[in-house]
Amino acid sequence: KREDAPKPPKEFDDLISTLPLNQDWIPIRLRKYQDFWIPEHSLPDVMAMQQNFQARPDDLFVLSYPKSGTTWLKALAFAIMNRTRYSMADHPLLRSNPHECVLFIQRLFSDGRPSKLEAMPSPRLLGSHLPYPLLPNSMKGSGSRFLYVCRDPKDVFISRWHFNDKMSPDSVEPIPFGKAFDLYCDGVSPYGSIWEHALGYWEESLRRPEKVLFLKYEEMLEEPAGSAKKLAEFMGCPFSPEEEKEGVVEGIIRLCSFDSLSKLAGSMTHKLNTKLPLQTTSFFRKGEAGDWRNHMSEEMARRMDAVTSQKLDGSGLTF
Ligand code: A3P
């Protein structure tokens, strides 16, 4: 039985109502909070999480800018971590969306289930879209490990635009493509500037490479086996030579592949527990690199690449 959700303190609502507002990304309203544009509906949970979340040294976090491959990374990390616990024939990923297997921390605050976090056995595997500067101090200082995935900002933008388009109610005009493009280039999109988001984790991965693994979606597509092995090693549970011989790595890659997860999502009949109008299939569209070519003019692509070069200049991070 669920505990009663403690209401977020009224101070949160009072503060949120004073923050700069953007209403273009229908149905998501954004508020500028600590320099990043955060969906308004999740801000009370974010604030509660910032104040109350206690990280453990052996926690593992899946972190990302939305639409960068979060669902895939959650599935892979979950399957790798629990590979001796579940058989492939009866795996939780066969009946649950990866977002149900690896929960967003802040959602546990809004569901009134923070004690569920306390009760979770170590090592916990949890997710967040928060940019590095907004993470609770306990996460930054706990020694826990971060798995971060980033993706070409052009493909992230295309994925985001479709995602929003699908979510917007029929009665409302969705955000026009050109307007969404301009806002995204200015960092006014859910979870803020993708460049600032990626840079925060990139710099941390340079400072603490043993604690922050920085992955690229495109490299994961190209080298799924290499990426799964890198993940397992970083997570402290490397594949043994026997496991490799028995095809465990390939089994996990197959289970977590776009084809497999999207098909499974299509056959799920339950509703996702989210505050947005999302279905189990909402997180799967094409799962490819370079789809921006089918949607953006060359001029738009050049413009976004120029923003990328300028923002990442001197950081060593490239897309
Ligand atoms: P597209 O919209 O370009 O297809 P997120 O999980 O961060 O919300 O990102 C969603 C994007 O990842 C979508 O991109 C989705 O199709 C893609 N995706 C979801 N599952 C995937 C998987 N198992 N393998 C590769 N891509 C996947």
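Before reading further, recall that the structure is shown in the block above.
Residues numbered from 1 in each chain as written. Predicted model: local features only at pLDDT ≥ 70, side-chain atom pairs only at ≥ 80, totals over all residues. Heavy atoms only, no water.

1. Details of the overall build of the chain
Rule in force here: Helix numbers and strand numbers start at the N terminus; a helix is a DSSP run of H or I with at least 4 residues, a strand a run of E with at least 2. Computation of the radius of gyration draws on C-alpha atoms, with the globule rule given as 2.2 Å multiplied by the number of residues to the power 0.38. Summary of the burial criterion: residues with accessible area below 20% of their type's maximum are buried, those above 50% are exposed, and those between are partly exposed, where the area comes from a 1.4 Å probe applied to protein chains only. Working rule for contacts: check all heavy atoms of both residues, and any pair within 4.5 Å makes them a contact. Using a 1.4 Å probe, the Shrake-Rupley method yields the accessible areas, and only the shown protein chains count as cover for residues.
For the chain, the helix and strand inventory stands at 17 helices and seven strands. The C-alpha atoms of the chain give 19 Å as radius of gyration, which agrees with the globular expectation for 319 residues (20 Å, within 12%). Summarising its shape, the C-alpha atoms of the chain cover approximately 55 × 50 × 45 Å along the three principal directions. The burial tally for the chain puts 55% of its 319 residues in the buried class. Within the chain, contacts between residues at least 6 apart in sequence are counted, and of these 74% link residues at least 24 apart. About 14800 Å² of surface is accessible on the chain, with carbon and sulfur atoms providing 51% of the total.

2. Quick look at helix 3 (residues 70-81)
Here is the rule: By definition here, a helix of n residues has an expected span of 1.5 Å times n minus one.
Its twelve residues give helix 3 an end-to-end C-alpha distance of 16 Å, which sits within 8% of 16 Å, the value for a rise of 1.5 Å per residue. Judged by how many residues are buried, helix 3 sits mostly within the fold: eleven of twelve residues are covered. When we look at burial in helix 3, the residues that qualify are T70, T71, W72, L73, K74, A75, L76, A77, F78, A79 and I80.

3. Comments concerning the sheet that holds strand 3 (residues 36-39)
Keep this limit in mind: Pairs of strands are assigned from DSSP output, requiring at least two bridges between the strands.
What the three strands build is an open sheet, ordered 1-2-3; its pairing is antiparallel. Strand pairing shows two members of the sheet lacking a second neighbour, strand 1 (21-22) and strand 3, which therefore form its edges. Looking at chain direction, strand 1 and strand 2 (residues 30-33) are connected through two bridges and run antiparallel. In the sheet register, L21 faces strand 2, and the bridge partner there is R31.

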